[in-house]
Amino acid sequence: MAVRWAVLGGTGRYWAVLGGKAARLLLRAGPGLSVSYSAAKMVSPKTRYLVFFQYCGTKYSGVMQTSADQSGVGVQNYLEKAAQNLKPAVPIKFHISSRTDSGVHALCNSAHLDIQRAPGKPAFQERELVGCLNHHLKPEPIRILSACRVTNSFHARFSARSRTYIYRLLMGCTHHSEIPVFERDLCWAPTGGYLNVPAMQDAAQFLLGTHDFSTFCSLNSETPFRSPVKTILQADIQPSSGFLSHHYEHRGLEFWELKFKSRSFLYRQVRRMVGALVAVGQGKLAPHHIEELLEMKDARALPPFAMAPSSGLFLKSVEYDEADLETPALGE
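Note that the coordinates shown come from a computational prediction; the quantities given were computed from them, not determined experimentally.

Definitions and limits used
- Residues numbered from 1 in each chain as written.
- Predicted model: local features only at pLDDT ≥ 70, side-chain atom pairs only at ≥ 80, totals over all residues.
- Heavy atoms only, no water.
- Salt bridge = Lys/Arg side-chain N within 4 Å of Asp/Glu carboxyl O.
- Helix = DSSP H or I, 4+ residues; strand = E, 2+ residues; numbered from the N terminus.
- Buried < 20%, exposed > 50% of the residue type's maximum accessible area, 1.4 Å probe, protein only.
- Contact = heavy atoms within 4.5 Å.
- Phe/Tyr/Trp six-rings, centres within 6.5 Å; stacked < 30°, edge-to-face > 60°.
- Lys NZ or Arg CZ within 6 Å of the ring centre and 35° of its normal.
- Arc of directions from axis to C-beta.
- Polar contact = N/O pair within 3.5 Å; in protein donor to acceptor, adjacent residues only side chain to side chain.
- Axes fitted to C-alpha atoms, helices over the stretch in contact; angles between N-to-C directions.
- Left-handed = near helix turned anticlockwise from the far one by under 90°.
- Nonpolar A, V, L, I, M, F, W, Y, C, P; charged D, E, K, R; others polar.

K.L.:
I would appreciate a short explanation of the pattern of salt bridges in the present structure.
P.N.:
For side chains of opposite charge, pairing can occur when their charged atoms come near one another. Throughout the structure, instances matching the rule amount to nine salt bridges. Residues Asp114 and Lys46 are paired through a salt bridge, measuring 3.6 Å at the closest nitrogen-oxygen approach. Taken together, the positions of Asp114 in strand E7 (residues 105-115) and Lys46 in the loop between strand E4 (34-40) and strand E5 (47-55) put the pair 68 residues apart, joining distant regions of the chain. Judged by its relative accessible area of 19%, Asp114 is buried. Judged by relative accessible area, which is 36%, Lys46 ranks as partly exposed. Between Asp298 and Arg300 there is a salt bridge, and its shortest N-O distance comes to 3.2 Å. Through salt bridges with shared partners, a single ionic network connects Lys46, Arg48 and Asp114.

Printed below as a string of structure tokens:
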């Protein structure tokens, strides 16, 4: 095997390159020659990517990774399993921007990941990365939408400027069996048929702006460590459409979307806000009760019927500043 030597002037240290591995030899003067040898396998520099992905959340325990002793499996488990097929030099971890619960869907969630490849392997091109990941995700209702290189200081969660959720309601059903089969687990059909939408729209205005949303937060282990003060930038209720719904207009079913936008949300905040607004639409609460619930600042103050199921909730988008998504210069 050919050996190439380099001397670091005046240090007494020599470098030998053997078959692509760097080995350091430390030489000390004396009656005998003492040699210390260490070899380190070299890997390429890491490249950070931001990926946007979507999923149908019905079968998953949520987006976050679960351990082997848990009953459900998270979307992150499948993302990282697919990523290992890229043969990275270091295991790949997805850093998810926005947590979603069991049964909640995403039209577009995001995550960043670092990829280090074996020596001599170039960084993945964005389209190549998307194609490879989707190839290994094929059996699952999970798809990578796009990818872009970002700087090593970028963080999918903390760099996000806002998040937008939509909640799909179906009105006109007197029994759950009337929900179209293609809409199963993708909307909520509250009992009682139609809702008073104008009253719901009036009530939604109380949610806009900056408030302490303690009443609209389900308690969990993180609750004591997170500020309950959030700013709702958008709270809209608009008519929508169902899958191929123009083919069954005669049934008199109505689809509506509730849209909420904020930099971040508390645990189950959107579902509790939707549940309270639906209660207004059913006449169980008046619009001004939403303001009163906010002022109570107590999670126990929300009526037990004011919690929307997970099935109608979709993470619509995660927004970033354009400057953060500009392709970094080589080495950044």
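K.L.:
For this particular structure, what's the right way to read the environment of Gly172?
P.N.:
For Gly172, the position within the fold is in the loop between strand E9 (162-171) and helix H3 (197-204). A C-alpha to C-alpha distance of 6.4 Å links Gly172 and Glu254, two positions 82 residues apart in sequence. If we ignore the near neighbours within four places in the chain, the residues touching Gly172 are Glu178, Gly193, Tyr194, Gly252 and Leu253.

K.L.:
What is the right way to look at unusual backbone geometry in this model?
P.N.:
If a residue is not glycine, its phi is most likely negative; likewise, a peptide bond is most likely trans. Positive phi, normally seen in glycine, also occurs at Asp185, with a value near 65 degrees. Of note, Asp185 is situated in the loop between E9 and H3.

K.L.:
Help me out: how do you make sense of the packing of aromatic side chains in this one?
P.N.:
Per the stated rule, a full pass over the model turns up eight aromatic pairs. Taking 6.2 Å as the distance between ring centres and 85 degrees as the angle between the ring planes, the aromatic pair formed by Tyr167 and Trp188 counts as edge-to-face. On the criterion of sequence distance, the pair formed by Tyr167 in strand E9 and Trp188 in the loop between E9 and H3 is long-range, its members being 21 residues apart. As far as burial versus exposure is concerned, Tyr167 and Trp188 are alike and both buried. Taken together through their ring pairs, the aromatic side chains of Phe52, Phe154 and Tyr320 make up a single cluster. The ring of Phe124 has Arg117 lying over it, and the distance from NZ or CZ to the ring centre is 3.9 Å.

K.L.:
For this particular structure, what's the right way to read H3?
P.N.:
Given 3.6 residues per helical turn, the α-helix brings residues three or four places apart onto the same face. Those residues of H3 that sit buried are Val197, Ala199, Met200, Ala203 and Ala204. Projection of H3 onto a plane perpendicular to its axis shows the buried side chains occupying an angular sector of 160 degrees, all on one side. Looking at the buried side of H3, the elements it contacts are E9, strand E11 (229-240), strand E12 (254-262), helix H4 (269-281) and helix H5 (287-296). Near the N-terminus of H3, the side chain that reaches the backbone nitrogen of Ala199, with its oxygen 3.2 Å away, is that of Asn196.

K.L.:
I would appreciate a short explanation of the side chain of Ser162 in the present structure.
P.N.:
Inspection of the secondary structure assignment puts Ser162 in strand E9. Overall, the relative accessible area of 5% leaves Ser162 in the buried class. For Ser162, the side chain forms a polar contact with the side chain of Glu319, separated by 2.5 Å.

K.L.:
Before we go on, may I ask you to explain the packing of helix H1 (residues 75-83) against helix H2 (residues 126-137) in this structure?
P.N.:
Helix packing geometry: the angle between the two helix axes and the distance between the axes. Two numbers describe how H1 lies on H2: the axes approach to 9 Å, and their chain directions differ by 115 degrees. Classified by chirality, the crossing of H2 by H1 is right-handed. Contacts between H1 and H2 involve Tyr78, Leu79, Ala82 and Ala83 on the former and, on the latter, Leu133, His136 and Leu137. Residues of the contact of H1 with H2, tallied by class, amount to six nonpolar, one polar and no charged.

So far we have only geometry, and geometry alone does not tell us how the molecule works.
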